[in-house]
Every structure is written in structure tokens, then in C-alpha cells.
Amino acid sequence: MRRPMVQNPFSFLLVFYLLVFAVFFFYSIFAFPNYLATFQWPFVWTNSFLLFMRYCIPVTASAVAVAYSLLPTAETVRVRRGRQPFSRLVSSHLTTFIALTVLYTALVLGLYPIARKNMERFDSLTLQARVFLEKADAALEEEDRETALLNYQRYLAIDQNNRKIMALVSDIQMELIAEHPEPRQEVERGIESLRVKDLAEGKEAYELLEMAEDYFDREDYFSAHYYADLAFQLDPTRQDARRLVARAREMIVSKDLSKLETEEQQLFERKREGYEYFVNEEYFKAYHMFRELQVSYPQDADVSSYLRKSEERLSRETFFLDEAEEIDTLPGVTELLFVNQRKEDEREIVFIGKLAAVEAGLFCKDIEVLRFGSRGLLYHYYAEYGRLRNSSINLHGIDRTAAERESVPRYLSGAARLRRDRLPYMLSIIPTLEQLPTLKAGKAASATAESLGFFSLWQVRRQIGSFGYMESFISGEILRRLLLPFSFLVLALLSVAVGWRFQARFIGRPHWILLVFMPLFPLVAIPITTLYLHAQRIILAFVLLRWHFSGSLVVFLVLQGLLLLITMIVLAGQRSD
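Right, let's walk through the structure included here.

The rules we used
Residues numbered from 1 in each chain as written. Predicted model: local features only at pLDDT ≥ 70, side-chain atom pairs only at ≥ 80, totals over all residues. Heavy atoms only, no water. Helix = DSSP H or I, 4+ residues; strand = E, 2+ residues; numbered from the N terminus. Buried < 20%, exposed > 50% of the residue type's maximum accessible area, 1.4 Å probe, protein only. Axes fitted to C-alpha atoms, helices over the stretch in contact; angles between N-to-C directions. Parallel < 35°, antiparallel > 145°, perpendicular 65-115°, else oblique. Left-handed = near helix turned anticlockwise from the far one by under 90°. Contact = heavy atoms within 4.5 Å. Nonpolar A, V, L, I, M, F, W, Y, C, P; charged D, E, K, R; others polar. Salt bridge = Lys/Arg side-chain N within 4 Å of Asp/Glu carboxyl O. Patch = residues over 30% accessible without salt bridge, like charges linked within 9 Å, V, L, I, M, F, W, Y side chains within 5 Å. Areas by Shrake-Rupley, 256 points an atom, 1.4 Å probe, with all protein chains shown as cover. Phe/Tyr/Trp six-rings, centres within 6.5 Å; stacked < 30°, edge-to-face > 60°. Polar contact = N/O pair within 3.5 Å; in protein donor to acceptor, adjacent residues only side chain to side chain. Pairing = 2+ DSSP bridges. Core = buried A, V, L, I, M, F, W, Y, C linked by side-chain atoms within 4.5 Å. Expected span 1.5 Å × (residues − 1). Bend = angle between axes of the 7 residues up to and from the residue.

## Let's talk about unusual backbone geometry
Next up, step 1: A positive phi is found at Asp366, a non-glycine position, where the angle reads about 55°.
Next up, step 2: Looking at where Asp366 falls in the secondary structure, it is placed in strand β6 (residues 361-373).
Next up, step 3: Given a relative accessible area of 27%, Asp366 falls into the partly exposed group.

## With respect to the packing of helix α1 (residues 10-30) against helix α3 (residues 56-67)
Next up, step 1: Two elements in contact, α1 and α3, have axes whose closest approach is 9 Å; the angle formed by their N-to-C orientations is 140°. The angle between α1 and α3 falls in the class oblique. Judged by the twist between their axes, the crossing of α1 over α3 is right-handed. Mapping the contact onto sequence places Phe12, Leu13, Phe16, Tyr17 and Val20 in α1 and Cys56, Val59, Thr60, Ser62, Ala63, Val64, Val66 and Ala67 in α3.
Next up, step 2: Tallied by class, residues from the contact of α1 with α3 come to 11 nonpolar, two polar and no charged.

## Overview of the side chain of Thr318
Next up, step 1: With respect to the helices and strands, Thr318 occurs in the loop between α13 (301-314) and β3 (319-320).
Next up, step 2: The class for Thr318 is buried, based on a relative accessible area of 2%.
Next up, step 3: Among residues more than four places away in sequence, those in contact with Thr318 are Asn394, His396, Gly397 and Ile398.

## A few points about the pattern of salt bridges
Next up, step 1: Tallied over the entire structure, the rule returns five salt bridges.
Next up, step 2: For the salt bridge of Glu477 with Arg481, the shortest nitrogen-to-oxygen distance reads 3.0 Å. In this pair, Glu477 and Arg481 are both assigned in helix α17 (residues 471-501), four residues apart and thus about one turn of the helix distant. Each member of the pair, Glu477 together with Arg481, is buried.
Next up, step 3: Salt bridges linked by common partners bring Glu477, Arg480 and Arg481 together as one network.

## Considerations on a nonpolar patch on the surface
Next up, step 1: Side chains of Leu562, Leu565, Ile566, Ile569 and Val570 sit close together on the surface and give an oily, nonpolar patch of about 440 Å² of accessible area.
Next up, step 2: For Val570, a relative accessible area of 31% translates into the label partly exposed.

## Regarding the packing of α1 against helix α2 (residues 40-54)
Next up, step 1: Closest axis-to-axis distance for the α1/α2 pair is 8 Å, and the angle between their directions is 135°. By the angle between their directions, the pair α1 and α2 is classed as oblique. Where α1 crosses over α2, the handedness of that crossing is right-handed. Residues Tyr17, Val20, Phe21, Phe24, Phe25, Tyr27, Ser28 and Ile29 of α1 lie in contact with α2, whose contacting residues are Trp41, Phe43, Val44, Trp45, Asn47, Ser48, Phe49, Leu51 and Phe52.
Next up, step 2: Class assignment for the residues of the contact of α1 with α2 results in 14 nonpolar, three polar and no charged.

## Quick word on the packing of aromatic side chains
Next up, step 1: Within the structure shown, the criterion is met by 18 aromatic pairs.
Next up, step 2: Geometrically, the ring pair formed by Phe21 and Phe52 is edge-to-face, given 6.1 Å between the ring centres and 70° between the ring planes. Pair noted here: Phe21 is in helix α1 and Phe52 is in helix α2, with a separation of 31 residues, a long-range link.
Next up, step 3: Residues Phe486 and Phe556 carry aromatic rings whose centres are separated by 5.5 Å and whose planes lie at 85° to one another, so their mutual orientation is edge-to-face. Highlighted residues: Phe486 in helix α17 and Phe556 in helix α19 (residues 521-572), separated in sequence by 70 residues.
Next up, step 4: Take Phe486: its relative accessible area is 34%, and that puts it in the partly exposed class.
Next up, step 5: By way of ring pairs, the aromatic residues Tyr17, Phe21, Phe25, Phe26, Trp41, Trp45 and Phe52 are connected into one cluster.

## Regarding the environment of Tyr385
Next up, step 1: Within the fold, Tyr385 resides in strand β7 (residues 376-389).
Next up, step 2: For Tyr385, the residues in contact, after removing those within four places along its chain, are Phe319, Leu321, Ala324, Glu325, Asp328, Cys364, Lys365, Ile367, Asn394, Leu395 and Ser407.
Next up, step 3: At 2.9 Å, the side chain of Tyr385 and the side chain of Asp328 are in polar contact.

## Section: the sheet that holds β3
Next up, step 1: The sheet built from three strands is open, its strands ordered β3-β9-β10 with mixed pairing. At either end of the open sheet lies a strand with only one pairing partner, and these are β3 and β10 (406-407).
Next up, step 2: In this structure, β3 lies alongside strand β9 (residues 397-398), joined through two bridges in parallel fashion. Bridge pairing links Phe320 to Ile398 in β9.

## Brief notes about the nonpolar core
Next up, step 1: Judged by nonpolar contacts, the single largest core of 94 residues is most densely connected at Phe97, Tyr104, Phe338, Ile367, Ile393, Leu427 and Leu436.
Next up, step 2: Residues contacting Ile393, with those up to four places away along its chain left out, are Ile352, Cys364, Ile367, Gly386, Arg387, Leu388, Tyr425, Met426, Leu427 and Ile429.
Next up, step 3: The next biggest cluster of nonpolar side chains, apart from the first, holds 15 residues, and it includes Leu208, Met211, Phe216 and Leu230.

## Describing α17
Next up, step 1: Counted at 1.5 Å a residue, the expected span for α17 with its 31 residues is 45 Å, and the 44 Å between its end C-alpha atoms agrees.
Next up, step 2: A maximum bend of about 25° is found in α17 at Phe486.
Next up, step 3: Most of α17 is tucked away, with 22 of its 31 residues classed as buried.

## Some thoughts on the environment of Leu540
Next up, step 1: Summarising the element assignment, Leu540 is placed in helix α19.
Next up, step 2: Residue Leu540 is classed as buried on the basis of its relative accessible area, which comes to 4%.
Next up, step 3: A C-alpha to C-alpha distance of 9.7 Å links Leu540 and Gly551, two positions 11 residues apart in sequence.
Next up, step 4: The contacts of Leu540, once residues within four sequence positions are left out, are Leu479, Ser552 and Phe556.

## Quick look at α3
Next up, step 1: Compared with an ideal rise of 1.5 Å per residue, which puts 12 residues at 16 Å, α3 spans 16 Å between its outermost C-alpha atoms and is within 8% of the ideal.
Next up, step 2: Of the positions making up α3, those classed as buried are Cys56, Ile57, Pro58, Val59, Thr60, Ala61, Ser62, Ala63, Val64, Ala65, Val66 and Ala67.

## Looking at the environment of Arg308
Next up, step 1: Checked against the element boundaries, Arg308 lands in helix α13.
Next up, step 2: Overall, Arg308 belongs to the buried group, its relative accessible area being 5%.

Printed below as a string of C-alpha cells:
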């Protein structure tokens, strides 16, 4: 009697996929590491997907082999003619296998790196949350409630559903309110509420000068000086603007305060002091002066205007620590290490503990720099935070409210005078923003390569050697990823031939012993596919070291074409009886 053939094995394959994913899902539930409880279900789904993609090729190979040999319950057809080429019977399936390969390629090159990034995110945020919790507990023991409250709130920014910490925060807030029953004016006003639209936007020099003259006539000498100075900066040939700047400044300095009330005198004196700081480009002092005045005089237009202007000028040469500290509770790229070569006879090694983006910009944490010359170590310094902008890291951070608190590089060896940079708190870096995530150090390097997108790896491959890394490492990862889709298709088609070659000799249902041992098929397929992949990786690694990336890519394509040709010949040689 002739053997019925499985006409549509892909329904069986789908069921097989679902069963395997369910196994990985339940395994992930019990394999949940020591992360925060809020990450449990995201971890379970992400880890299940990663495991499924890791074993997708052997699972597919075993499922296809089973579908073509041990699936009597599927829709079948009897072969009514004599011997017929097997390839004609499965030709309609080839399109589906190619479509599955395209889907697998999209998952392995697109979603898999994203899932790897999520796993790194769970780990880094858990560690950071526990640091906040330890700091908060220590501050609470020392009865420093404000510090404890700050760190507990940072912890809740990560673990938002922790009811125990939420109750603790509520208790601390009630205690602080009880200690300060009088409502205090809010010091930390939103910066947006302080901003007034700058009337100078889009204006020509003559328009600015007209505005300055109008303000001068109204005896608003602060505004007159500001807009006249802007007009002179736009058009240095306008001496009338320069003269108006001098007149406005003279009026500010020589203003008679005797007719004013005491409070008005104090306000004007402090405004004048802050104004002098601003004119002399001491924006740090000007910012804090006008910020203090803004707390007491929130409606004063001069104070609000110069506070905004001081902040804008200040942001060009420093950053605010409260903005930088926001990255503590956010995921980001960690442990970056690279050679920052700027001179032939010197080498600069840069380590960045964390890089993340917030609304205010890109910020770095735990920056460490060592620079070596022909005579050895020149300097070694550490900075807690930095702001990345235009291929430079600003290492000077200031506090919005406490003028005495700032963050600057702390020299562990050498001295600041050894730095020959024009701006001592600016660290120029060679890698671009797109290249930085690829420059991870130590054990995290291989994991990071997996979490990077395929096109990011391709773009960074040529330049990574100049940052102290071997180009072959990135090239090998690119070839490894390209190998997976080809292997998926080749092994799936070979499994069709193997399954058909070793058909079970029955028409009805298979024996129960075969059903019992069916789940063991993937366990047998795993070492076989692993051997197949590792053998090709060894060949490609040898060619990569010998002929570099271009040569290895040519060998890779030839090898995959040869394997696919052999597979099609094997399929064509199968018969239906």
C-alpha cells in the first residue's frame, strides 16, 4: 500500500512552535533572577523570546522532520500514479519555507537585539534601584529625612508599584510637613514658568536698537543695555548702538537710590550686582544672584529676563546637576571604554560608566580619563557627571539652588595644569554618538555586540580599530548573524528530505511509543545544528583572520550557495514511494 504524504506540514510546525514557546515561558517564570519584582513579567516574555530565537533552528529542523514523517493526522493525499519526483510534491512548500526564512531574518536581525537591550536594562536598573534604597535606608538611620526622601523617590521612579516604599515615602513627607507647618515659597520653580519670550528673536540690528532706545526712554536701563548690546554684536559697525550701551550702563551705575524705599534700594542694588556679573561674563554668579531674587520677586520682569539669559549663557559652558542625575533612574549604555587618540605621541583612554538621554540632552556618569605620553602617565582624573554635546563632554556641573555645590574633574594623578585644552572642563572625544554604544568593555563586550542592531555593527566596523578594539570582533559578529538565516533555510530543507527518507511505515495513527519520544527530537537536533553552525564559524573565522572581512564575505556567500545547491539536489533526488 502506498504511503500518504503530508500535504501541509506547516500547521504542525506552528503547533510545535507554540508548544516550545510555552515550555520556554514556564521555564522563564521559575528562572527569574534576583531582579526587581516589577520586572518579572517583562523578563519572562523577553527571556522566552530570546530562548526561542536561540533554539529556533533546531526546533524548526526537528519539527519539519517530524511533520514529513510522523504526522498521520494532518491532511493527506494518496499518490495514485507510479513513481513521481518528490520535489514536485513539495515544490509548493518551498515558497513558504522562504517566507519563514525572511520572517526569521527580521526577528534575528531586528527584534533580537532589542530584546537583548531589555535584558541589560532590567539588570542595570535593578542595581541602580538597590543603590538608591541603600542610600535612603542609611540616611533614614541618620535621621536625614530629606536625603532619605530623595533617594526613596528615585527608587520609586524605577520600582513604581512598590507599596511598602510608597507608604514609607508618604510617612516621611508627613513628618517633614509637620516640621514645617508654615507654607514655604517653592524654591524649585519650573524653569518653563520663568521663561519669557525673548523679543530679540529674528530681529535685525536696527530693530534691536529701536527697542533699546524705547526702553531707555522708559528708564528701563537694564533692557536698554541688553538689546543695544545685541544690536552691536549683530552689527559692530553701528557706533550708535555702542554709545547707547555705554549710556545705559552709566545710568545703571549712577542711579540715585536715595529716593527709593529701603526694599527697592536693596532690590536695585542686587539687580545691579547681578547685572555686573552678567556683563563681565560671570554667568554662574549672575544665575544664582537672579535666581535668589526671583524667589522673592517673581513678578519682576528684569529679574526673570536676566535669569533666563544667564541660564542660557551658562548652559554653553556647564550643565545642571539635577538634569544629569535624571539618568540614574533610566536605562542606558554602560561601561564604555575606548582609546581617544588625538596626538601621535599620546594616548588617552576614556571610560564612561553610563550614557543616557533625558529631555535636557545626553548625559554621562562616572567618567574616568587616563592620558599617557612618551614618559608615562600624564594625568588621571574622574568626573561624576558630564554632558555630551557636539563630540565633547562638558565636565562642569552646577547646582540650581546651592551655589557652593558643583561637579568638576577630580585629579587622581597629575594636575589640571597638564591639560592643554583651551577649555579645561571640556573633554573632546573622537567616537560619534552612533559608535559609542559599540565600545563596551570587559565581559559586557560580547553581550553588547548582540544587543546592537545589524546596521549599527556594519557602520562601526571600519572605525572601531582606531578606538582600541579588534575589527575582527565586529566582523565576526556580522558574519555570525548573516549565517543564521542561511542555516535556517538549509537545515529546514534538509529536514524535509530526512523526514521523508525515514518515513514510518503506517497509514493510520503512529504507535504511542513514537509519540512519547517525539519531544526528544529537538534535543537530538540541538547538538547537530550546533555542530553545523560551529563548523562554519570556525571556517569563516580562519578566513577572516587570513583575508579580512571582504574576503571572508565572498567565501561566506560561496559556501552558503554551495550548501543550498547540495540541499536542493538532495531534495530533487527523493522519491514519493
